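Inside the fold
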Amino acid sequence: MPAPITDEQNRLDREALLDTAERLFYARGIQAVGMDEIRAASGLPLKRIYRFFSAKEDLVVAMLKRRDQRWRGNLAAHVEQVPDPRERVLAIFDWLSGWFAEPGFRGCAWINAYGEFGPSSKAVLAEVRAHKQAFRDQIAVWVHATGLPVTEPVFLLAEGAIVTAGISGDPAPARHARAAVATLLATL
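Residues numbered from 1 in each chain as written. Predicted model: local features only at pLDDT ≥ 70, side-chain atom pairs only at ≥ 80, totals over all residues. Heavy atoms only, no water.

1. Concerning the nonpolar core
Condition: Put simply, a nonpolar core is a bunch of buried Ala, Val, Leu, Ile, Met, Phe, Trp, Tyr and Cys residues held in one set by side-chain atoms that sit within 4.5 Å of each other. Burial classes follow relative accessibility: with a 1.4 Å probe on protein chains only, a residue under 20% of its type's maximum area counts as buried, one over 50% as exposed, and anything between as partly exposed. Think of it this way: any DSSP run of H or I at least four residues long counts as a helix, any run of E at least two long counts as a strand, and we number them from the N terminus. Contact between two residues is taken to exist if any of their heavy atoms lie within 4.5 Å; hydrogens are not considered.
Judged by nonpolar contacts, the single largest core of 56 residues is most densely connected at Ile38, Ile92 and Leu96. Of all the secondary structure elements, the ones that give two or more residues to this core are helix H1 (7-28), helix H2 (35-42), helix H4 (56-79), helix H5 (85-100), helix H6 (109-117), helix H7 (122-144), helix H8 (151-168) and helix H9 (172-187). Top element by residues in this core is H4. It accounts for ten residues. When residues no more than four places from it in sequence are discounted, the contact partners of Ile92 are Leu75, Val79, Ile139, Trp142 and Val154.

2. Observations regarding the pattern of salt bridges
The cut-off we apply is this: By definition here, a salt bridge exists when the distance from a side-chain nitrogen of Lys or Arg to a carboxyl oxygen of Asp or Glu is within 4 Å.
A full pass over the atoms with the stated rule returns 16 salt bridges. The salt bridge partner of Arg72 is Asp68, with a shortest N-O separation of 2.8 Å. Highlighted residues: Arg72 and Asp68, both in helix H4, separated by four residues, approximately one helical turn. Residue Arg72 is classed as partly exposed on the basis of its relative accessible area, which comes to 22%. What you see here is one network of salt bridges that share partners, running through Glu15, Asp19, Glu22, Arg66, Arg67 and Arg70.

3. Re the layout of surface pockets
To keep things clear, this is the line we draw: A cavity here means a set of points on a 1 Å grid, drawn over the protein atoms and nothing else, where a 1.4 Å probe fits but cannot get out; a pocket is an open set with protein on both sides within 12 Å along at least five of seven lines, and a residue lines either one if it has an atom within 4 Å of a point. Grid points are joined across faces, edges and corners, and a volume is the space filled by probe spheres set on the points. Residue classes follow a fixed rule: Ala, Val, Leu, Ile, Met, Phe, Trp, Tyr, Cys and Pro count as nonpolar, while Asp, Glu, Lys and Arg count as charged, and any other residue, Gly among them, counts as polar.
Taken as a whole, the largest pocket holds about 250 Å³ of empty space. In terms of lining, the largest pocket is formed by 13 residues, of which the most central are Arg67, Trp71, Asn74, Trp99 and Glu102. At the level of secondary structure, the elements contributing two or more residues to the lining of the largest pocket comprise H1, H4 and H5. At four residues, the largest contribution of residues to the lining of the largest pocket is made by H4. By residue class, the composition of the lining of the largest pocket is six nonpolar, three polar and four charged.

4. What to know about the environment of Phe25
Here Phe25 lies in helix H1. We classify Phe25 as buried; its relative accessible area is 3%. The residues touching Phe25, leaving out its near neighbours within four places in the chain, are Ile30, Val33, Ile38, Lys56, Leu59, Val60, Met63 and Arg106.

5. Overview of the side chain of His131
Definition in use: Contacts described as polar in this section are N or O atom pairs within 3.5 Å, which, within protein, must combine one atom able to donate a hydrogen with one able to accept it, while residues neighboring in sequence count only if both atoms come from side chains.
Position of His131 relative to the elements: it lies in helix H7. Polar contacts involving the side chain of His131 include one to the side chain of Asp68, which spans 2.6 Å.

6. Observations concerning the packing of H5 against H7
This is how it is decided: For every element, the axis is a line fit to its C-alpha atoms; helices are fit only across the contacting stretch, and the angle between N-to-C directions ranges from 0 to 180 degrees. To sort the angles, those under 35 degrees are grouped as roughly parallel, those over 145 as roughly antiparallel, those from 65 to 115 as roughly perpendicular, and the leftovers as oblique.
Running from N to C, H5 and H7 cross one another at 150 degrees; their axes reach a closest spacing of 8 Å. Viewed along their axes, H5 and H7 adopt a mutual orientation that is roughly antiparallel. Residues Pro85, Arg88, Val89 and Ile92 of H5 form the contact with H7, whose participating residues are Ile139, Trp142 and Val143.

7. A look at a nonpolar patch on the surface
To keep it simple, the criterion reads: In this scheme, patches are assembled from residues that exceed 30% relative accessible area and form no salt bridge. Like charges are connected within 9 Å, while nonpolar side chains (Val, Leu, Ile, Met, Phe, Trp, Tyr) are connected within 5 Å. The Shrake-Rupley method, run with a 1.4 Å probe sphere, supplies the accessible areas, and residue values consider only the shown protein chains as cover.
A contiguous nonpolar surface patch, about 270 Å² in accessible area, is contributed by Ile111, Val163 and Ile167. Here Val163 falls in the partly exposed class, since its relative accessible area comes to 33%.

Function-wise, these values are silent; they only describe arrangement.
Next comes the structure, spelled out in structure tokens:
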């Protein structure tokens, strides 16, 4: 009889599974990647995968939740190094520019998931909305420190840059959005 699987092994296997799913889903699209492909790429048997996530939708939601924590954490680490509040807001766009220029950049994982599932998955829709709200709230904290009432324009320029860069494959929208926000901050 095989030895029981430890909690640590479960944690490691779950993380490896999420890494595999995120890589494949982001690169190729959620609908285009089947569970057999995830099984083959992760090296985990389907039975074990389904013990972690009873449905592909559950795997997608877990992957998006984990990506949200990492994505917003990386953004915060970059932005919060900047001491001046106005420059901190502009640093959002500097970080976006670097992200857009990364190899394999394929736009916003949450917009992509929404595009594939739309309202057909309440769980995915809820996770997409939670990420967008958390991103907006994160921007609001940085904008609030400037004393200027420009949270919505900054958020919309960031979102627009993300979508445009994802579609065009060009990191320039971050630079253009940064210039617009710099002008906005200077005129108020």
